[in-house]
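Chain by chain, the residues run as shown.
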Amino acid sequence: TRPPPPPPPPTTTTTAALLPPPRDRPQMAKYMRLRTRGRRRPRKALLAAKQAIENMLPESADPTLDASVYHDVAAFSKSYEMMKKVFRVFVYKDGEKPLVHMGPETGIYASEGLFIKQMLASNTFVVQDPSKAHMFFMPYSVKNMEIDLYVPDSKIMLPITSFVKSYVDRIQSLYPFWNRTAGADHFFVSCHDWGPMTTRNHTELRDNAVKVVCNAESSSEYFVLGKDVSLPQINLHYLVLPSNIGGAASHERPWLAFFAGQMHGRVRPQLIEQWKDDPDMRIYEVPPNNLTTKPSYIQQMKESKYCICAMGYEVNSPRIVESIYYDCVPVIIADDLVLPFSDVLNWSTFSVTVPEAQIKNLKTLLTSIPHHVYRSMQQRLESVRKHFIWHDEPEEYDIFHMILHSVWMSRLRQLDSSQKSLKQL
């Protein structure tokens, strides 16, 4: 990881100037009355939903789901059903664009902006009455903060962390909701590498709020297993869905493995050193330039049995989702990565995880996988692919719903906390 040093940079724009003025007194008085009214109703609905999930019958699973890619397809099916029926989110309207209420919709941070966009537009999950909400969404964009607040090449995050702290302090002072749970029923979404670290100046945000982040590193002090959520990283080049999803069958893939990427982090240099000259694998520092005589990046994925998803500076990589798109079994090399939707999806049925220490044995590990096992993993990619696709409008079981389901599951897990914590919900 690359934590920037703490000294503040020179800046002429104050954080306070970037935040909106306080709401009018009548509106705030309305919200303050909610401190004591309606608090038990959302908690009661959550407890009932949790009990329904625990008491579900195996035969109640959605028959359109492939049971082989889930830990428990019936439990997921029931949980997803209850999420749609019960789960409601209040979105704070405070803050101004571009730092709040919008984010990037293309590039490697697209999941950040697309979730914000679709959450704001949701008629199913968003409620205007916060007394009916089970979670509270803070729709700010860390990527847009980097563009507008970060001093290029300074390696200093203070303008960003100061804005985040001021934003949370503001909603904490204006509304009663944060203080009821010390932020435990609040969440934000960030695909920027710095997303988790932007919480470091606000203790309750760091420790209690649900962080939905691409940089989901289990060993990091900024990511709490069981509470925080791993966000899939997707590299969208255009505001359209990939049109050539899918790929050839296993017997039409001549190459054992493929990787192309910049040489940064601790893993990729080892990968290149060990395997760049292997005749059965295409391992490049960068993709070939002459695309008229050599296959394109996507085509090389489609011609390979396995696609190497090696961490760079951070544990996350858009190659994981790209591999799923093109029926190339992902080979994940990032020891501390928390895989997206891993509380629901059984990743071992459609991907391979190689410990970083075993890079030198990569080829042996891959060639030792029986062909029928590989074929089953590849076929399951088609079943799981729908969970990683953004649509113009959310569709059943798509990435928007799966991200929200991970937040829903995090909220339900809070019900297993101590009796003292439950009284605060």
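As the structure is a prediction and not an experimental result, all values here were calculated from the model.

A word on the environment of proline 279
Then, in step 1: One can find proline 279 in the loop between α10 (268-275) and β7 (281-284).
Then, in step 2: In this structure proline 279 comes out as exposed when scored by relative accessible area, which is 61%.
Then, in step 3: For the pair formed by proline 279 and leucine 256, sequence separation is 23 residues and the distance between their alpha carbons is 9.4 Å.

So, the packing of aromatic side chains
Then, in step 1: A full pass over the atoms with the stated rule returns 28 aromatic pairs.
Then, in step 2: With centroids separated by 6.0 Å and ring planes inclined at 45°, the aromatic side chains of phenylalanine 76 and tyrosine 397 adopt a geometry described as tilted. With phenylalanine 76 in helix α4 (residues 73-86) and tyrosine 397 in the loop between α14 (371-384) and α15 (399-414), this residue pair connects regions lying 321 residues apart in the sequence. Summarising the burial analysis for this pair, phenylalanine 76 and tyrosine 397 share the class buried.
Then, in step 3: Taken together, the ring pairs connect Phe90, Tyr92, Phe136, Tyr175 and Phe177 into an aromatic cluster.

Here we look at the nonpolar core
Then, in step 1: One finds Phe115, Met119, Phe187, Tyr306, Ile308 and Trp408 to be the most contacted residues of the largest nonpolar core, which totals 100 residues.
Then, in step 2: Discounting chain neighbours no more than four positions away, the residues touching phenylalanine 115 are Phe137, Phe187, Val189, Trp390, Phe400, Ile403 and Leu404.
Then, in step 3: Membership of the second largest hydrophobic core comes to 34 residues, among which are Leu149, Ile160, Trp178 and Leu205.

Considerations on the state of the cysteines
Then, in step 1: Using the criterion set out here, one finds two disulfides in the structure.
Then, in step 2: Across the disulfide from cysteine 191 sits cysteine 214; the S-S distance is 2.0 Å. Across the S-S bond of cysteine 191 and cysteine 214 the torsion is about -95°, and the bridge reads as left-handed. Placement of cysteine 191 in the loop between β3 (186-190) and α9 (203-207) and of cysteine 214 in the loop between β4 (210-213) and β5 (229-230) is noted, with a sequence separation of 23 residues between them. Residues cysteine 191 and cysteine 214 agree in their burial class; the two are buried.

Rules of the game
Residues numbered from 1 in each chain as written. Predicted model: local features only at pLDDT ≥ 70, side-chain atom pairs only at ≥ 80, totals over all residues. Heavy atoms only, no water. Helix = DSSP H or I, 4+ residues; strand = E, 2+ residues; numbered from the N terminus. Buried < 20%, exposed > 50% of the residue type's maximum accessible area, 1.4 Å probe, protein only. Phe/Tyr/Trp six-rings, centres within 6.5 Å; stacked < 30°, edge-to-face > 60°. Core = buried A, V, L, I, M, F, W, Y, C linked by side-chain atoms within 4.5 Å. Contact = heavy atoms within 4.5 Å. Disulfide = S-S within 2.5 Å.

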